[in-house]
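Fold and geometry: a report
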Amino acid sequence: TANAALPAGGGTMTGHLLLGDNDIIKLGDAGDLLLYHDGSNSRIKDNGTGNLYVSADADVLITNAAGNETKLKATSDGSVKIYWCKCYWCYRWCY
C-alpha cells in the first residue's frame, strides 16, 4: 500500500523516490555524504573524513544534462581531456 514502510533491515522499493528541494539523502553514520537539490543547483557533498572517490572500470565522463556533450573525460591508464567549445585540451603527466 502507499503508506507501507520498508523493513528496518532493508527491502526492495519499486517506482521513484521523489524528494523536494533541500530534502537531503544522507549516507554514512554521521551523514558523511549528501545528495540533494537546493532549488537552483544539484549537489553531491562529502562532509566526512577521507576522500571522495568516483570509480569506474572504463572511462569516467562528465557530460551536460542531456548527456550529448562531454565536458571532461578521464581515460583509464591514459589521458584526461577537458572539453571546451567541442574541442579538447589533453593533459597527461607521468612521474
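First, a word on what this report is: a plain description of the structure on this page.

Concerning unusual backbone geometry
The backbone of Asn22 shows a phi angle near 70°, a positive value even though the residue is not glycine. Position of Asn22 relative to the elements: it lies in the segment before β1 (25–27). You will see that Asp77, though not glycine, has its phi angle at about 55°, which is positive. In this fold, Asp77 is placed in the loop between β5 (70–74) and β6 (80–84). Judged by relative accessible area, Asp77 falls into the exposed class, the value being 81%.

Thresholds applied
Each chain carries its own residue numbering, running from 1 in the written order of its sequence. Residue-level local features of this predicted model are given only where pLDDT is at least 70; pairs of side-chain atoms are given and counted only at 80 or more, and the full residue set underlies all totals for whole chains, interfaces and linings. Side-chain metrics rest on all non-hydrogen atoms present in the structure, leaving aside hydrogens and water. For the purposes of this entry, the term helix denotes a DSSP run of H or I that reaches at least four residues, the term strand denotes a run of E that reaches at least two, and both are numbered from the N terminus. A simple rule labels every residue: compare its accessible area, found with a 1.4 Å probe on the protein chains alone, to the largest value its type can have, and call it buried under 20%, exposed over 50%, or partly exposed in between.

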